Amino acid sequence: MNINFTQIFQDCWNFMRNQKKITQQFIFFFFISSLIFYFLLTSVVPMPEITQANGQNLPLPSSISAQFVIIGVAQQLVSLFISSWGILTFHRISVQQQNPLNQSAVLTLQRFAGVVTVSVIGFIPLMIGVVESLFAILQGQYPSILSLVAMLLGFFIFVRLSLASTEYLIQPVGIMQALKNSWLSGVKRSAPLFIYCLLIYVVLPFVVRRISSLSDNLVFDVIMLFVSAAVGVFSLLFTYRFYTLFMHKDQQ
């Protein structure tokens, strides 16, 4: 039996309507976080300088300050924490546990280091292939076959481990067991995982970025930060709902 993605979209929308308070709280958390880092980054990052690559001008920064890197990493960690907090909260609501917001915050803090580890393990193979290809392009060369193979292999690993962090958050398992469970659950079932990753990591962000590209003033930027926050909460709900259906079918 295939995963009904249309039904998942409907379920997520119904949850947002029925649980307005909790979804509004997480939209607020994402929005405030994005707003703070937006102003931090715009205050420390100058317009990119033009560098030369193989005789052509490329709009690339000639250097990246340590301050920029620190702020960028901090933003990713805060976003990951809010995302983990949200998924655990939605899970506690679904199993009808009390004080979902407070209890899930404590549990998220307890398991956050593991979440970061699982996320990095799933992401590193993809980044290796992307970085190798990017370096080749910046040097005016076509990516090698080895770089393309590494990127494709990294993408495959990323897809197969895409539910590992959710598994680690929700189930009382260790890091290696969460990775193993996520990997084995995708055996002969990679297509639904691929569609899930395409929707969450490509389609929804692409739509938001396309709308954001129309911005030419601060007010519109702030509005788009709020829209991105709402889309982020919807993505978390989608992830949790997909996870419950996908892993449940795997256990049948």
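Please refer to the structure placed before this passage.
> Summarise the overall build of the protein chain; cite the residues concerned and give the values.
When its secondary structure is counted, the protein chain shows nine helices and two strands. Along the protein chain, helices and strands appear, N-terminal first, in the series α-α-β-β-α-α-α-α-α-α-α. A buried classification covers 37% of the 252 residues belonging to the protein chain. Considering only intrachain contacts with a sequence separation of at least 6, the fraction spanning at least 24 residues in the protein chain is 71%. For the protein chain, the accessible surface area stands at approximately 14900 Å², while carbon and sulfur atoms represent 66% of it.

> Quick rundown of a nonpolar patch on the surface? Include the residues and the values.
A cluster of nonpolar residues, Phe155, Phe194, Ile195, Leu198, Tyr201, Val202, Val203, Phe206, Val207 and Ile211, forms a patch on the protein surface that exposes about 800 Å² of accessible area. Along the polypeptide, isoleucine 211 turns up in helix H8 (residues 190-212). Look at isoleucine 211 and you get partly exposed, because its relative accessible area is 37%.

> Quick rundown of the packing of helix H4 (residues 100-138) against helix H5 (residues 145-160)? Include the residues and the values.
Axis separation between H4 and H5 bottoms out at 7 Å; the angle between their running directions is 155°. In terms of orientation, H4 and H5 fall into the roughly antiparallel class. As H4 packs across H5, the resulting crossing turns out to be left-handed. From H4, Gly122, Phe123, Pro125, Leu126, Gly129, Val130, Glu132 and Ser133 reach across to H5, where they touch Ser147, Ala150, Met151, Gly154, Phe155, Ile157 and Phe158. Across the contact of H4 with H5, the residue classes tally to nine nonpolar, five polar and one charged.

> Mind laying out the layout of surface pockets, listing which residues take part and the relevant values?
For the largest pocket, the calculated volume is near 1900 Å³. In terms of lining, the largest pocket is formed by 45 residues, of which the most central are Gln76, Ser79, Leu80, Ser83 and Tyr201. Elements that contribute at least two residues to the lining of the largest pocket include exactly helix H2 (20-44), helix H3 (66-94), H4, helix H6 (164-170), H8 and helix H9 (218-251). Among the elements that line the lining of the largest pocket, the one with the most residues is H9, at 10 residues. For the lining of the largest pocket, the residue count by class is 25 nonpolar, 18 polar and two charged.

> Now, about the packing of helix H1 (residues 5-18) against H2: what can you tell me, with residues and values included?
Running from N to C, H1 and H2 cross one another at 100°; their axes reach a closest spacing of 5 Å. Between H1 and H2, the crossing angle belongs to the class labelled roughly perpendicular. Residues Phe15, Met16, Arg17 and Asn18 of H1 lie in contact with H2, whose contacting residues are Lys20, Ile22, Thr23 and Ile27. When the residues that make up the contact of H1 with H2 are grouped by side-chain class, the tally is four nonpolar, two polar and two charged.

> Requested: an account of H4, with residues and values cited.
The terminal C-alpha atoms of H4 lie 48 Å apart, and with 39 residues this falls more than 12% below the ideal 57 Å at 1.5 Å per residue. At arginine 111, H4 shows its largest kink, close to 55°. Phi turns positive, to about 75°, at glycine 140, one or two residues after H4.

> Please provide a residue-by-residue account of the nonpolar core, values included.
Of all hydrophobic cores here, the largest spans 54 residues; its most connected members are Phe5, Phe26, Phe90, Tyr196, Val233, Phe238 and Phe242. Take this core: its biggest share by element is 12 residues, from H9. Setting aside anything within four residues of it in sequence, one finds phenylalanine 238 in contact with Phe5, Ile8, Phe9, Cys12, Tyr196, Leu199 and Ile200.

> Explain the environment of phenylalanine 15 residue by residue, including any values.
Following the sequence through the fold, phenylalanine 15 ends up in helix H1. Expressed as a C-alpha distance, the spacing of phenylalanine 15 and phenylalanine 234, which sit 219 residues apart in the sequence, is 9.4 Å. Not counting residues up to four positions away in its chain, the partners in contact with phenylalanine 15 are Ile22, Thr23, Phe90, Ile93 and Leu237.

> Can you tell me about the pattern of salt bridges, naming the residues and giving the values?
A complete count under the given rule lists one salt bridge for this structure. Aspartate 11 is paired through a salt bridge with arginine 241; the nearest N and O atoms lie 3.0 Å apart. Pair noted here: aspartate 11 is in helix H1 and arginine 241 is in helix H9, with a separation of 230 residues, a long-range link. A relative accessible area of 22% means that aspartate 11 is categorised as partly exposed. Accessibility expressed as a relative area gives 31% for arginine 241, which makes it partly exposed.

Parameters and conventions
- Residues numbered from 1 in each chain as written.
- Predicted model: local features only at pLDDT ≥ 70, side-chain atom pairs only at ≥ 80, totals over all residues.
- Heavy atoms only, no water.
- Helix = DSSP H or I, 4+ residues; strand = E, 2+ residues; numbered from the N terminus.
- Buried < 20%, exposed > 50% of the residue type's maximum accessible area, 1.4 Å probe, protein only.
- Contact = heavy atoms within 4.5 Å.
- Areas by Shrake-Rupley, 256 points an atom, 1.4 Å probe, with all protein chains shown as cover.
- Patch = residues over 30% accessible without salt bridge, like charges linked within 9 Å, V, L, I, M, F, W, Y side chains within 5 Å.
- Salt bridge = Lys/Arg side-chain N within 4 Å of Asp/Glu carboxyl O.
- Axes fitted to C-alpha atoms, helices over the stretch in contact; angles between N-to-C directions.
- Parallel < 35°, antiparallel > 145°, perpendicular 65-115°, else oblique.
- Left-handed = near helix turned anticlockwise from the far one by under 90°.
- Nonpolar A, V, L, I, M, F, W, Y, C, P; charged D, E, K, R; others polar.
- 1 Å grid on protein atoms, 1.4 Å probe; cavity = no way out; pocket = protein on both sides within 12 Å on 5 of 7 lines; lining within 4 Å.
- Points joined across faces, edges and corners; volume = space filled by probe spheres on them.
- Expected span 1.5 Å × (residues − 1).
- Bend = angle between axes of the 7 residues up to and from the residue.
- Core = buried A, V, L, I, M, F, W, Y, C linked by side-chain atoms within 4.5 Å.

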